[in-house]
Amino acid sequence: MSLRRFLRKLRRRFRSPPRTARDLLSSYEEYLRLQRDEYLSHESEVERWAEGLRRFVGAAFADVPRTARVLDCACGDGVGLEALKTMGFQNPVGVELAPKKVERARQRGFRIEEADMHDLAILADGSFDAVLSSHTLEHAYDPGRVLAELRRLLVPFGTLHVVLPYPDRGDRNERAHAAKYELGTDREDGGEHATCFFLDRGFELVSRRTDDFREPELWLSLRKQR
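What this report covers is the structure whose coordinates are included nearby.

## Focus on the sheet that holds strand 2 (residues 93-96)
Okay, so step 1: A sheet is described by the order of its strands in space; here 7 strands give the open sequence 3-2-1-4-5-7-6, paired in mixed fashion. On the outer flanks of this sheet lie strand 3 (111-114) and strand 6 (203-211), each paired with one strand and no other. Each strand of the sheet is rotated relative to its neighbour by a mean of 15 degrees, with strand direction disregarded.
Okay, so step 2: Summarising the sheet, strand 1 (residues 70-73) and strand 4 (residues 128-134) pair through 3 bridges and their orientation is parallel. Opposite Asp72, over in strand 4, you have Leu132 as the bridge partner.
Okay, so step 3: Lying on the sheet, helix 5 (residues 79-87) is in contact with strand 1, strand 2, strand 3 and strand 4; it crosses strand 1 at an angle near 160 degrees.
Okay, so step 4: Helix 6 (residues 99-107) contacts strand 2 and strand 3 of the sheet and is inclined by roughly 165 degrees relative to strand 3.

What follows is the structure in structure tokens.
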């Protein structure tokens, strides 16, 4: 273990644990209900939001080989998948929990698996070379579990490309963004805590930047360690 990682773990040991979704929501069933039935905004209906996602995909996937197998986790109604297809990626796959979003994305002609991102057993280990996760992990009930699933689906040294709202201040949207305290996106520290969340779970940082085209965001590209 590197000295830097050891010091990070030591600091966390003596820090009060962050709030989690279990502190903000009454149950996992409530989480599922909110994600399936209440948080149903469609990116394709808000052009600036859709354009913001296209900008991220264009930047993050510019150097990814077009033959790569790509998963869009929590793909919504398919804006990200469409952006990937436009760039030349063949048959990108989406995962989405909300049935109405699944239906809309399938109408665009994409393969969509209707599944909870906390359990993606329908997809085999090492199925993908790259994963897109835009405004996804902040909604998780257990972001560590979701990240473990995404890591499992990636080949060795596969890449994960993440957009998170940042900074995600105070109690704004905290029921919708129930994972933001665990992720550390509520901290205005240049994204350091959020980045460490991934580094401590088997990824290495490729690039990090902030963007405010659609709202303040943290853009991360990471590589799975073997």
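Having put the structure on the table, let's press on.
## A short note on the nonpolar core
Okay, so step 1: Ranked by internal contacts, the top residues of the largest apolar core, which has 41 residues, are Leu71, Leu150, Leu160, Phe198 and Leu222.
Okay, so step 2: Non-local contacts of Leu160, meaning those with residues more than four positions away in its chain, are made with Val131, Ser133, Leu147, Leu150, Leu154, Phe198, Phe203, Leu220, Ser221 and Leu222.
Okay, so step 3: Grouped together as the second largest cluster of nonpolar side chains are 17 residues, Phe56, Val79, Val163 and Trp219 included.

## Here's the deal with the pattern of salt bridges
It is possible for side chains of opposite charge to pair when their charged atoms get near one another.
Okay, so step 1: Counted by the stated rule, this structure contains 19 salt bridges.
Okay, so step 2: The salt bridge partner of Glu82 is Arg108, with a shortest N-O separation of 3.7 Å. Taken together, the residues Glu82 in helix 5 and Arg108 in the loop between helix 6 and strand 3 connect sequence positions 26 residues apart.
Okay, so step 3: Ionic pairing is found between Arg208 and Glu192, a salt bridge with its closest N-O pair at 3.4 Å.

## Describing helix 4 (residues 47-60)
Note on helix geometry: an α-helix contains 3.6 residues per turn, so any two residues three or four positions apart are oriented the same way.
Okay, so step 1: The terminal C-alpha atoms of helix 4, which comprises 14 residues, lie 20 Å apart, in line with the 20 Å expected from a rise of 1.5 Å per residue.
Okay, so step 2: Those residues of helix 4 lying buried are Ala50, Gly52, Leu53, Phe56, Val57 and Ala60. One side of helix 4 carries all its buried residues, which in axial view fall inside an arc of 155 degrees.
Okay, so step 3: Those residues of helix 4 hidden inside the fold are in contact with helix 5, strand 4, strand 5 (154-165) and strand 7 (217-224).

Reading guide: rules and limits
Residues numbered from 1 in each chain as written. Predicted model: local features only at pLDDT ≥ 70, side-chain atom pairs only at ≥ 80, totals over all residues. Heavy atoms only, no water. Pairing = 2+ DSSP bridges. Helix = DSSP H or I, 4+ residues; strand = E, 2+ residues; numbered from the N terminus. Axes fitted to C-alpha atoms, helices over the stretch in contact; angles between N-to-C directions. Contact = heavy atoms within 4.5 Å. Core = buried A, V, L, I, M, F, W, Y, C linked by side-chain atoms within 4.5 Å. Buried < 20%, exposed > 50% of the residue type's maximum accessible area, 1.4 Å probe, protein only. Salt bridge = Lys/Arg side-chain N within 4 Å of Asp/Glu carboxyl O. Expected span 1.5 Å × (residues − 1). Arc of directions from axis to C-beta.

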